[in-house]
Amino acid sequence: MVSFNSLIAVALTYVAMLFLVAFWAERSAAAGRARWLQSPLIYTLSLSIYCTAWTFYGAVGYATRSGLEFATIYLGPTLVMIGWWWLLRRLVRIGRTQRITSIADLISSRFGKSAQLGVIVTVIAVIATTPYIALQLQSVTLSVSVFARAGGEQWGNDELNATALWVAIGLAIFTVLFGTRKLDANERHSGIVMAIAVEAIVKLCALLAVGVFVVWGLGGGAADTLARIDASDMPMWTPDNGRWLALIFLSAGAFLCLPRMFQVLVVENADERHLNMASWAFPLYLFLISLFVIPIAVVGLDMMPEGSNPDLFVLTLPLSQRHDTLAMFSFLGGFSSATSMVIVSTIALATMVSNHIVVPLWLRLQAGEGAMISGDVRDVIILARRLSIAAILALGYVYFRLSGGGTALAAIGLVSFVGAIQILPAMIGGIFWRGATRVGAALGLIMGFSVWIWSLFLPSFGAGAVISEAVMQHGPFGLSLLRPQALFGIEGLDPIVHAVLWSMLLNMGAFLAGSLVSFPNPLERLQGAQFVNVFDHSTGSGAWTTATAGAEDLLIMSQRIIGATEAQAIFQREAARQGKVGYLPDVTPGFINSLQRDLTGSVGAATAHAMIGQLVGGSGVSVEDLMAVADEAAQILEYSNKLEAKSAEQERTAKALRDANEKLTALSIQKDAFLSQISHELRTPMTSIRSFSEILRDGDMPPADQARYAGIIHDEAIRLTRLLDDLLDLSVLENGQVILHEQTGSLTGLLDRAVRAAGVTDSRLEILRNQESERFDLTTDLDRLAQVFINLIANALKYCDAEHPRLRISVRQSDEGCYVDFIDNGAGIDAENQQLIFEKFSRVGDQSKAGGAGLGLAICLEVMRRLGGDVRYLAEHVGTGFRVTLPPEAVAETALAEL
Amino acid sequence: MSGPQKNAVFLERANYRQRRLRDASRLLPILGIVLWTIPLLWRTDQAVGPSNSRMVIYIFGVWVTLIVASTLIARFLRSDETRD
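Note that the coordinates shown come from a computational prediction; the quantities given were computed from them, not determined experimentally.

Asks: Tell me what's going on with the overall build of chain B, and back it up with residues and numbers.
Replies: Counting its secondary structure elements, chain B contains two helices and zero strands. For chain B, buried positions account for 32% of its 84 residues. Looking at chain B alone, contacts between residues at least 24 apart form 68% of all its contacts between residues at least 6 apart. In the structure as shown, chain B presents an accessible area of about 5500 Å², 62% of it carried by carbon and sulfur atoms.

Asks: For the overall build of chain A, give the residues involved together with the corresponding values.
Replies: Check the secondary structure of chain A and you find 36 helices and seven strands. Burial analysis of chain A (899 residues in total) assigns 55% to the buried set.

Asks: Break down the nonpolar core for me, citing the residues and quoting the values.
Replies: Looking at soluble globular proteins, one finds that nonpolar side chains tend to be buried together. By size, the foremost hydrophobic cluster in this structure holds 193 residues, and its most contacted members are Tyr50(A), Phe70(A), Ile294(A), Met427(A) and Trp63(B). Counting residues in hydrophobic clusters, the runner-up holds 48 residues, among them Ala754(A), Phe776(A), Ile809(A) and Leu857(A).

Asks: Residue-level account of the pairing of strand E6 (residues 870-873) of chain A, with values.
Replies: All names here are of chain A. Burial along E6 is one-sided: Val871 and Tyr873 are buried, and none of Asp870 and Arg872, which face the opposite way, are. Pairing geometry for E6 and strand E7 (residues 881-886), over four bridges, is antiparallel. Across the sheet, residue aspartate 870 finds its bridge partner in E7, namely threonine 885.

Asks: Could you give an account of the packing of helix H33 (residues 782-799) of chain A against helix H35 (residues 856-866) of chain A, naming the residues involved and the relevant values?
Replies: Residues and elements named next belong to chain A. Across the interface, H33 lies against H35 with an axial gap of 9 Å and an inter-helix angle of 150°. Between H33 and H35, the crossing angle belongs to the class labelled roughly antiparallel. Both H33 and H35 take part in a crossing whose hand is left-handed. The segment H33 lies against H35, with Arg784, Leu785, Gln787, Val788, Asn791, Leu792 and Asn795 engaging Gly856, Leu857, Ile859, Cys860, Val863 and Met864. Here the residues of the contact of H33 with H35 are counted per class, giving eight nonpolar, four polar and one charged.

Asks: So, the interface of chain B and chain A: which residues are in play, and what are the values?
Replies: Interfaces are often sized by the amount of accessible area the parts lose when they come together. Listed as interface residues are 37 residues of chain B and, on the opposing side, 39 residues of chain A. Here chain B packs against chain A, burying approximately 3500 Å² in sum over the two surfaces, 71% of which is carbon and sulfur. Scanning the region where chain B abuts chain A turns up eight residue pairs in polar contact (both at pLDDT 80 or more). Those elements that provide at least two residues to the side of chain B that touches chain A are helix H1 (2-37) and helix H2 (52-76) of chain B. The leading source of residues in the side of chain B that touches chain A is H2(B), at 14 residues. Looking at side-chain class alone, the side of chain B that touches chain A contains 19 nonpolar, eleven polar and seven charged residues.

Asks: I'd like to hear about the pattern of salt bridges, residue by residue, with values.
Replies: All names here are of chain A. Considering all chains together, one arrives at 18 salt bridges over all chains under this definition. Two residues, lysine 655 and aspartate 659, come together in a salt bridge whose shortest N-O distance is 3.8 Å. Taken together, the positions of lysine 655 and aspartate 659, both in helix H30 (residues 632-698) and four residues apart, correspond to about one turn of that helix. Residue classification places lysine 655 among the partly exposed positions, given a relative accessible area of 48%. A salt bridge links glutamate 772 to arginine 775; the shortest N-O distance between them is 3.7 Å. Relative accessible area serves as the criterion here: at 55%, arginine 775 is assigned to the exposed category. Bridged by salt links that share partners, the residues Glu69, Arg243 and Asp494 form one connected network.

Asks: Break down the packing of helix H6 (residues 88-97) of chain A against helix H13 (residues 259-267) of chain A for me, citing the residues and quoting the values.
Replies: Residue and element names in this part refer to chain A. Between H6 and H13, the least distance of the axes is 9 Å, while the angle of their chain directions is 80°. As the angle between them shows, H6 and H13 are arranged roughly perpendicular. Each of Leu88, Leu91, Val92 and Gly95 in H6 lies in contact with H13, whose residues at this interface are Phe262, Leu265 and Val266. Residue composition of the contact of H6 with H13, grouped by class: six nonpolar, one polar and no charged.

Asks: Account for the side chain of Thr78(A), naming residues and giving values.
Replies: Position of Thr78(A) relative to the elements: it lies in helix H5 (residues 72-82). For Thr78(A), a relative accessible area of 0% corresponds to the buried category. A polar contact of 3.2 Å, which involves the side chain of Thr78(A), links it to the side chain of Trp63(B). Setting aside its immediate chain neighbours within four residues, Thr78(A) contacts Pro283(A), Leu286(A), Trp36(B) and Trp63(B).

Asks: Any details on the packing of aromatic side chains? Residues and values, ideally.
Replies: All names here are of chain A. In total, this model carries 26 aromatic pairs over all chains according to the counting rule given. Here phenylalanine 449 and tryptophan 452 contribute two aromatic rings whose centre-to-centre distance is 5.9 Å and whose plane-to-plane angle is 35°, an arrangement assigned as tilted. Of the two residues, phenylalanine 449 and tryptophan 452 both sit in helix H21 (residues 438-457), three residues apart, roughly one turn of that helix. Grouping residues by exposure puts phenylalanine 449 and tryptophan 452 together as buried. With 4.9 Å between their ring centres and 35° between their planes, tryptophan 452 and phenylalanine 457 make a pair best called tilted. Given a relative accessible area of 0%, tryptophan 452 falls into the buried group. Here phenylalanine 457 falls in the buried class, since its relative accessible area comes to 10%. Feature note: the residues Tyr50, Trp54, Phe70, Tyr74, Tyr132, Phe255, Phe282, Tyr285 and Phe417 constitute an aromatic cluster, connected by ring pairs. One residue, arginine 89, lies across the ring of tryptophan 85, its end atom 4.0 Å from the ring centre.

Asks: Describe in detail unusual backbone geometry, supporting the description with residues and values.
Replies: One non-glycine residue, Lys113(A), adopts positive backbone phi at about 50°. Residue placement: Lys113(A) occurs in the loop between helix H7 (103-110) and helix H8 (115-150).

Asks: Talk me through the environment of Leu75(A); I want residue IDs and the actual numbers.
Replies: Along the polypeptide, Leu75(A) turns up in helix H5. By relative accessible area, Leu75(A) is classed as buried at 0%. Considered as a pair, Leu75(A) and Phe287(A) are 212 residues apart in the sequence and their alpha carbons are 8.8 Å apart. The residues touching Leu75(A), leaving out its near neighbours within four places in the chain, are Trp244(A), Ile248(A), Trp36(B) and Trp63(B).

Asks: Describe in detail a nonpolar patch on the surface, supporting the description with residues and values.
Replies: On the surface, a cluster of nonpolar side chains totalling about 630 Å² of accessible area is made up of Phe477(A), Leu479(A), Leu481(A), Leu482(A), Phe488(A) and Ile490(A). Turning to its location among the elements, Leu481(A) is positioned in the loop between helix H22 (469-474) and helix H23 (495-517).

Asks: Help me get a handle on the sheet that holds strand E5 (residues 817-824) of chain A, residues and values and all.
Replies: Residues and elements named next belong to chain A. One open sheet accounts for five strands, arranged E2-E4-E5-E7-E6; its pairing is mixed. Looking at which strands have only one partner, the edges of the open sheet turn out to be strand E2 (766-769) and E6. On average, each strand axis in the sheet is tilted by 15° relative to the strand beside it, whichever way the strands run. In the packing of H33 onto the sheet, contacts are made with E2, strand E4 (806-814), E5 and E7, and the angle to E7 comes to roughly 170°. Relative to E6, H35 is tilted by about 140°, and along the sheet it contacts E6 and E7.

Criteria and cut-off values
- Residues numbered from 1 in each chain as written.
- Chains lettered and ligands numbered in written order.
- Predicted model: local features only at pLDDT ≥ 70, side-chain atom pairs only at ≥ 80, totals over all residues.
- Heavy atoms only, no water.
- Helix = DSSP H or I, 4+ residues; strand = E, 2+ residues; numbered from the N terminus.
- Buried < 20%, exposed > 50% of the residue type's maximum accessible area, 1.4 Å probe, protein only.
- Contact = heavy atoms within 4.5 Å.
- Areas by Shrake-Rupley, 256 points an atom, 1.4 Å probe, with all protein chains shown as cover.
- Core = buried A, V, L, I, M, F, W, Y, C linked by side-chain atoms within 4.5 Å.
- Pairing = 2+ DSSP bridges.
- Axes fitted to C-alpha atoms, helices over the stretch in contact; angles between N-to-C directions.
- Parallel < 35°, antiparallel > 145°, perpendicular 65-115°, else oblique.
- Left-handed = near helix turned anticlockwise from the far one by under 90°.
- Nonpolar A, V, L, I, M, F, W, Y, C, P; charged D, E, K, R; others polar.
- Buried area = accessible area lost by both parts, 1.4 Å probe.
- Polar contact = N/O pair within 3.5 Å; in protein donor to acceptor, adjacent residues only side chain to side chain.
- Salt bridge = Lys/Arg side-chain N within 4 Å of Asp/Glu carboxyl O.
- Phe/Tyr/Trp six-rings, centres within 6.5 Å; stacked < 30°, edge-to-face > 60°.
- Lys NZ or Arg CZ within 6 Å of the ring centre and 35° of its normal.
- Patch = residues over 30% accessible without salt bridge, like charges linked within 9 Å, V, L, I, M, F, W, Y side chains within 5 Å.

In structure tokens:
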């Protein structure tokens, strides 16, 4: 018979060994030699803290009561693990990129680093987990008492309580030692993970050993055991109104949401690829753990005396067969299950409590000085964690004492699960749906939490303990719709199914509705995009503006949180990256972000954000930053902005091109018109030259005709020559290549010359002049001016249609120069044509009468402009009138010369 | 010419396999749910329903099947791709 003292000795030796393992693992990790510590196998084994003492002892008891239903607790996690590509991969990636430290941190971080959400999740987690910790204490004390009883001692409550207290104290010491040794930027605890992996192997082997002993030692082999199972009256299958599916869902959700599971699944995950192995290895672990549960239950019911506690069959079966070593091993397995769960749960909860409640409160108390307070924040954080660990274990112990260690604890596992999954909607919604908002998450969490408290947690203390019998029966204040276990009048549901159904429905309803009607702040939207699209851009978090944070301030603050050496290393690295010498890099948004992530590992996202926020000033996220870092929407926006800029530029270019094109088209039209005019003008004389020369070639005609035809050809040739001369003249004038020959001569002489040259003397045209007014000299290019005068006189000669054509030439001098008007008594030019007459090839009225090509006035205008004067049509006179204006210089110089 | 051509086809095929493996990985839990929902259809009275041992064997058999399938998928699935 194993003595009680030897049991204590074995247990203490085992604990000492765990200390050594943890210590050694920490040392190796610190020395960087612990590559294999971060292997997928260790990761998988660390997940086994899902199997607590509730599994180790409780599964068999559960099976004796409900048969196969016990397996639901392991089927849910199996489904989650084999479906890792859906959810776990995403969670782990988010956890790594955002440096998530706990499930409260995940929710807080997702919804804009909201401090309030962190507090809500922490409170839910603490309340839901405390009873679970109490359950572990109870199972350890019960198992110890079994040995005590077997050793002949009869234990009362005092001894049980004392054992629980000592276990709690021992666990607190272990957890404080290995869970808060350092503030790691990654919040990983190699020592604890290693110890848990060892415990995982111990508990699996212990349960398998008991199972093998039961099946082959007591049951007589596999076939016989199956026969025993068939023969057993144990209720194997109780398809009780939806419990089967509800429990699978519940365990799957709890597997993700329990703080300790989140800690090992996401926070302690060193490498995403470990999931690959865990996806099949952990289901295998669960399978092996469950494999012998039914046989142990069946054989235990057969062999153990009536009334023995089926929850302890794993221990009592070997004991009753006097297999002390096996019983001892089994005890260690149970002890391992309980301790590993308590250690990790406590660390996870302590992290949450210190990061989301204690440190923010402390920071607020120090608000006057902000993040600039003196002293080392690290000490505060570590102290906060240690106190939290002690407080949580104390809470568990108090709960254990209050509940009296009775059977009420047996159901607490599922109650705890239902509490934990209240975080599920906010978590799943947060990582898959960008529309999820802080308000929605808070509403959902509070709603689900309230329903859970009312419909399951408070009633779990037993009828009349917290909620009176009357309220259970008739609802509070007689409101039967609010009866805790028959909400909204739906009766007859299993309490667990009832609580899962209503808490989840109302939780999700509030979450969705709240998200739909509220509007997220910029940080929330940024975080939402980063969480949901974590695979698109696994870098960056909320961007800080560099407003006021000095590198020195940041360094001082970081030193206090992550320690001087590490902080200086980070700053030095960044400075080196920026190509600077020394410790102080430029404070870029990118640097602040990476620094914040480093700090997040130590104090949680919300706190790190708040601390940096105090230094940097303001919420820090500007619209530009949002667009630069954030989601694909921003990227699209940026892209489209670029496109818009580009298209605006293109539009400008296109407009310039269009303008140029229009000009070219206009020019081309002008050119076409000009060419067609030219060809037309050339054609007419050419045609007559050709036809008359053909007639001459054919010969055989009277000499008189011959001379006439030759005369026509000659005239036409002259006309052609004149046209070409005009064109050449115009082109020279337009191109500005003309050379002016200044001469001085009298206006009278010039006009006489022009009248003669125009051929007026032989015509009917009468010229009226005032010779007196013309008697002054001009200094200009007299030949060119004469050309203009000749043209104007010739026009009057050609076009004046009066019966007695008269042309009045009047000269007047003024300050602005000298005017020479040519006004005849003809019909004048229509208003619409007055603009056209100075254009090339423009001829007004009857074409046949025109002798020239219509270039005359165009040439006149060009000449006058060259001479610094002008020629324009005088619309206000009766008849056709042109006014030639000469510049004052042309007259004034002469006047001076005369003096 | 044929060398790179073949290569390209091979790569394409490998990528295609990876995609289908991911699909399989996603579908596996759904298969699990379906198979583990079937017990709800069992008759509960001992006389006509399946025997206790067959129930146990069924539940654990499905479990083993899923684990084996998951092992095979995990064996060939490359998880280091950044996108899904």
